[in-house]
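The lines below spell out each chain.
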Amino acid sequence: MIKKEMIKKHLLTCSVILVLALISKLNIYSTTIAETVAKPAKLSHRTSKFIFIKSTAATYSFADEALPVNDARVTKKLNKSLSQHSFKSVQSTLLHRKAEALFPIIEPILKFYGIPDDFKYIPLVESGLKSGTSSKGASGLWQFMAGTARTYGLKVGHGVDERQNVRKSTIAACKYIKELYGEFNSWTLAAAAYNNGSIKMERAINKQNEDNYFRLSLNRETGSYIYKLIAMKAIIEQPKKFGYKDYIVIPPTTQLLAFN
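All of the points below concern the structure found in this document.

Another aspect to go through is the overall build of the protein chain. Scanning the protein chain from N- to C-terminus turns up 12 helices and four strands. Out of the 260 residues belonging to the protein chain, those deemed buried represent 40%. When contacts within the protein chain are restricted to residue pairs at least 6 apart in sequence, those whose partners lie at least 24 apart make up 56%. Of the accessible surface of the protein chain, which amounts to about 16100 Å², a share of 58% is contributed by carbon and sulfur atoms.

Put into structure tokens, the structure is as follows:
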């Protein structure tokens, strides 16, 4: 009888210990769940970088068309172009001096034709505001090919080349740019098409089913073209920010100012 009582007490004690152990485990498990729910999931390093990247793009635009923000690829390309056009890389204020001399001629013509002022930076990228002829045959500040120049009213041939005339070539450029804008309904795409040609741009847009310049996959030159224009705009409008010192105006050459 005594043995039976002892066995019962032993079993009861074991049962109590087992129950307490189970309760303890359940408490630990529930606490772990609560902590897991309470803590927000951490973003991967790559995702976090993409979402919270400090975007330079938000500061810049072309023809009042903003760059996509929080796009790491756009920010990287823009920063690269800004760096390449800084005084540290260029070590010259020649473009500033030429721009100060020639922009007063170009700006009112752009305004007259309803072209955004930012298009005055195209000659800086295309020709560096030089009047020479490229290896491909493009000539003048706006780097017109002979055929395109004739299409927009410039005389080329028989000892005459109006691509070298600042006023006339700017008027021709305005007509061309306005036509490109009518085709693409975007100043950014119009500028890119000025560089790449409207047929190639239209082909790229249709093939990729994408009409945002910054999302299009283009050849290296055209793919960096708008970034170069924005960089030119930045260094001309904010020279000190990009390391440029004071500069003096150099009068344009007689050839560049051959107005008729």
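We now examine the nonpolar core. Judged by nonpolar contacts, the single largest core of 63 residues is most densely connected at Phe119, Trp142, Phe144, Tyr194, Tyr213 and Ile226. Among the elements of the structure, helix H3 (72-84), helix H5 (94-112), helix H6 (122-126), helix H8 (166-184), helix H9 (187-196), helix H10 (198-208) and helix H12 (225-237) are those that each provide at least two residues to this core. Take this core: its biggest share by element is 10 residues, from H12. If we ignore the near neighbours within four places in the chain, the residues touching Phe119 are Phe62, Ala63, Leu110, Trp142, Ile177, Trp187 and Ala191.

Turning our eyes to something else, we now look at the layout of surface pockets. Taken as a whole, the largest pocket encloses approximately 550 Å³ of empty space. Broken down by element, the lining of the largest pocket gets its largest block of residues, four residues, from H9. Along the lines of polarity and charge, the residues of the lining of the largest pocket split into eight nonpolar, 10 polar and three charged. Approximately 290 Å³ is the volume found for the second largest pocket.

The next point concerns H8. For H8, spanning 19 residues, the distance from its first C-alpha to its last is 26 Å, which sits close to the expected 27 Å at 1.5 Å a residue. Next to the buried residues of H8 lie H5, H6, helix H7 (146-151), H9 and H10. Measuring from the backbone nitrogen of Arg167 back to the side-chain oxygen at the start of H8 gives 3.1 Å, which picks out Asn165 as the cap. Note on H8: the residue one or two positions beyond its end, Asn185, has a positive phi of about 55 degrees.

A few words on the packing of H9 against H10. Interhelical geometry of H9 versus H10 gives an angle of 120 degrees and a closest axis separation of 7 Å. It follows from the interaxial angle that H9 and H10 lie oblique. Touching Leu189, Ala192, Ala193 and Asn196 of H9 are Ser198, Lys200, Met201 and Ile205, all from H10. Among the residues making up the contact of H9 with H10, the classes are represented as five nonpolar, two polar and one charged.

Once that is clear, we can look at the pattern of salt bridges. Per the stated rule, a full pass over the model turns up five salt bridges. A salt bridge links Lys120 to Glu107; its shortest N-O distance comes to 2.6 Å. With Lys120 in the loop between H5 and H6 and Glu107 in helix H5, the pair connects residues that are 13 residues apart, well separated along the chain. The class of Lys120 is buried, set by a relative accessible area of 7%. The closest approach of N and O atoms between Lys168 and Glu162, which form a salt bridge, is 3.0 Å. Take Glu162: its relative accessible area is 8%, and that puts it in the buried class. Taken together, the shared-partner salt bridges in this structure form one network comprising Glu107, Asp117 and Lys120.

Looking now at the packing of H5 against H8. Look at H5 against H8: their axes get within 10 Å of each other, and the N-to-C directions meet at 35 degrees. Note that H5 runs across H8; the crossing there is right-handed. Mapping the contact onto sequence places Leu102, Ile105, Ile106, Ile109 and Leu110 in H5 and Val166, Arg167, Thr170, Ile171 and Cys174 in H8. Partitioned by chemical class, the residues of the contact of H5 with H8 number eight nonpolar, one polar and one charged.

Next up on the list: the packing of aromatic side chains. A full pass over the atoms with the stated rule returns 13 aromatic pairs. Considering the side-chain rings of Tyr213 and Phe214, the 5.1 Å spacing of their centres and the 85 degrees angle between planes classify their relative orientation as edge-to-face. For the pair Tyr213 and Phe214, a shared accessibility class is recorded, and that class is buried. In textbook terms, an aromatic cluster arises when at least three aromatic residues are bridged by ring pairs, as seen for Trp142, Phe144, Tyr152, Tyr176 and Tyr194.

Scoring rules and cut-offs
Residues numbered from 1 in each chain as written. Predicted model: local features only at pLDDT ≥ 70, side-chain atom pairs only at ≥ 80, totals over all residues. Heavy atoms only, no water. Helix = DSSP H or I, 4+ residues; strand = E, 2+ residues; numbered from the N terminus. Buried < 20%, exposed > 50% of the residue type's maximum accessible area, 1.4 Å probe, protein only. Contact = heavy atoms within 4.5 Å. Areas by Shrake-Rupley, 256 points an atom, 1.4 Å probe, with all protein chains shown as cover. Core = buried A, V, L, I, M, F, W, Y, C linked by side-chain atoms within 4.5 Å. 1 Å grid on protein atoms, 1.4 Å probe; cavity = no way out; pocket = protein on both sides within 12 Å on 5 of 7 lines; lining within 4 Å. Points joined across faces, edges and corners; volume = space filled by probe spheres on them. Nonpolar A, V, L, I, M, F, W, Y, C, P; charged D, E, K, R; others polar. Expected span 1.5 Å × (residues − 1). Polar contact = N/O pair within 3.5 Å; in protein donor to acceptor, adjacent residues only side chain to side chain. Axes fitted to C-alpha atoms, helices over the stretch in contact; angles between N-to-C directions. Parallel < 35°, antiparallel > 145°, perpendicular 65-115°, else oblique. Salt bridge = Lys/Arg side-chain N within 4 Å of Asp/Glu carboxyl O. Left-handed = near helix turned anticlockwise from the far one by under 90°. Phe/Tyr/Trp six-rings, centres within 6.5 Å; stacked < 30°, edge-to-face > 60°.

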